[in-house]
Amino acid sequence: VSSINIRIPQIIPWASNYVYSLLEKSNFSASILIFSPPGAGKTTILRDLVNKLGAKSNKRYAVIDTRDEILISETKNSHCDAYISYPKGYAIELATKSMTPEIILCDEISNENEANAILKASNSGVVLIATTHASTYDELISKKILKSIFDAKIFKYFVGVNRKNGEKKYNFTLNEEKYEALL
């Protein structure tokens, strides 16, 4: 072993301001896909977003926390149903069918099963806030595992996140879905 990386989850109270403002702008009705390369802060943004939803809104929401990284002891989750350590696709379906959330948050969509679960949840009227790995918008829309989601036009906003090494500041790029570009 030449090095060890220890991640200590914490809430950064301003991390999700940009994403939360998009939710407010849409009256909590637009689904958002957050993308970035690994380590840029997607999970940190979700963690803060969970806090903001619990503190500032009266929306019912479910958090799909497969790796037990999003919900931590400092999280305010007054209207939250949590699915911890469940497989993502199964948890999304379970939440949609049994808990009637208005919003589902999940981290790192990485296979077709998870994408199909998002598609089914969206067809039930649930707003989705999800993350995935991609360095650019072009890389994102070329991901074959997300094709069904793009074809169904689920996400209104695609938010790219990047940070320079060691910087705490997040840089966001917004791509409102332009579906004609995907055809």
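Residues numbered from 1 in each chain as written. Predicted model: local features only at pLDDT ≥ 70, side-chain atom pairs only at ≥ 80, totals over all residues. Heavy atoms only, no water.

1. Quick notes on the packing of aromatic side chains
So, point 1. Under the definition given, this model contains nine aromatic pairs.
So, point 2. Among the aromatic side chains, those forming a connected cluster through ring pairs are Trp14, Tyr18, Tyr170 and Phe172.
So, point 3. Here arginine 163 stacks its cationic end above the ring of tyrosine 170, 5.0 Å away from the centre of that ring. (Phe/Tyr/Trp six-rings, centres within 6.5 Å; stacked < 30°, edge-to-face > 60°. Lys NZ or Arg CZ within 6 Å of the ring centre and 35° of its normal.)

2. As for helix α3 (residues 88-98)
So, point 1. For α3, every residue scored as buried is listed here: Lys88, Gly89, Ala91, Ile92, Ala95 and Thr96. The buried side chains of α3 occupy one side of the element, clustering within an arc of 165° when seen end-on.
So, point 2. Threonine 100 lies just past α3 and shows a positive phi near 45°. (Buried < 20%, exposed > 50% of the residue type's maximum accessible area, 1.4 Å probe, protein only. Helix = DSSP H or I, 4+ residues; strand = E, 2+ residues; numbered from the N terminus. Arc of directions from axis to C-beta.)

3. Some remarks on the state of the cysteines
So, point 1. Overall, the coordinates contain zero disulfides when judged by the stated rule.
So, point 2. No disulfide involves cysteine 80; its sulfur sits 13 Å from that of cysteine 106, the nearest cysteine. (Disulfide = S-S within 2.5 Å.)

4. Considerations on a nonpolar patch on the surface
So, point 1. Taken together, the side chains of Val1, Ile4, Ile6 and Ile8 make up a nonpolar region of the molecular surface, amounting to roughly 570 Å² of accessible area.
So, point 2. Looking at the secondary structure, you find isoleucine 6 in the segment before α1 (17-25).
So, point 3. Overall, isoleucine 6 belongs to the exposed group, its relative accessible area being 67%. (Patch = residues over 30% accessible without salt bridge, like charges linked within 9 Å, V, L, I, M, F, W, Y side chains within 5 Å. Areas by Shrake-Rupley, 256 points an atom, 1.4 Å probe, with all protein chains shown as cover. Salt bridge = Lys/Arg side-chain N within 4 Å of Asp/Glu carboxyl O.)

5. Some words on the nonpolar core
So, point 1. Counting residues in each nonpolar core, the largest one holds 29 residues, and the members touching the most others are Ile32, Leu105 and Ile129.
So, point 2. When contributions to this core are tallied by element, the ones reaching two or more residues are α1, β1 (31-36), α2 (42-56), β2 (61-65), β4 (103-106), β5 (127-133) and β6 (155-162).
So, point 3. Examining the composition of this core, we find that five residues originate from one element, α2, more than from any other.
So, point 4. Apart from residues lying up to four places away in sequence, leucine 105 is in contact with Leu46, Leu49, Val50, Leu53, Tyr61, Ala62, Val63, Ile64 and Ile129.
So, point 5. Leu33, Cys106, Ile109 and Ile154 belong to the second-largest nonpolar core, a separate cluster that totals 27 residues. (Core = buried A, V, L, I, M, F, W, Y, C linked by side-chain atoms within 4.5 Å. Contact = heavy atoms within 4.5 Å.)

6. Here's the deal with the packing of α1 against α2
So, point 1. Remark: α1 packs on α2, axes separated minimally by 9 Å, with the N-to-C direction vectors making an angle of 45°. One way to sum up the angle between α1 and α2 is to call them oblique. Along this stretch, α1 crosses α2, giving a crossing that reads as right-handed. Residues Asn17, Val19, Tyr20 and Leu23 of α1 lie in contact with α2, whose contacting residues are Ile45, Asp48, Leu49, Lys52, Leu53 and Lys56.
So, point 2. A breakdown of the residues in the contact of α1 with α2 according to their chemical character gives six nonpolar, one polar and three charged. (Axes fitted to C-alpha atoms, helices over the stretch in contact; angles between N-to-C directions. Parallel < 35°, antiparallel > 145°, perpendicular 65-115°, else oblique. Left-handed = near helix turned anticlockwise from the far one by under 90°. Nonpolar A, V, L, I, M, F, W, Y, C, P; charged D, E, K, R; others polar.)

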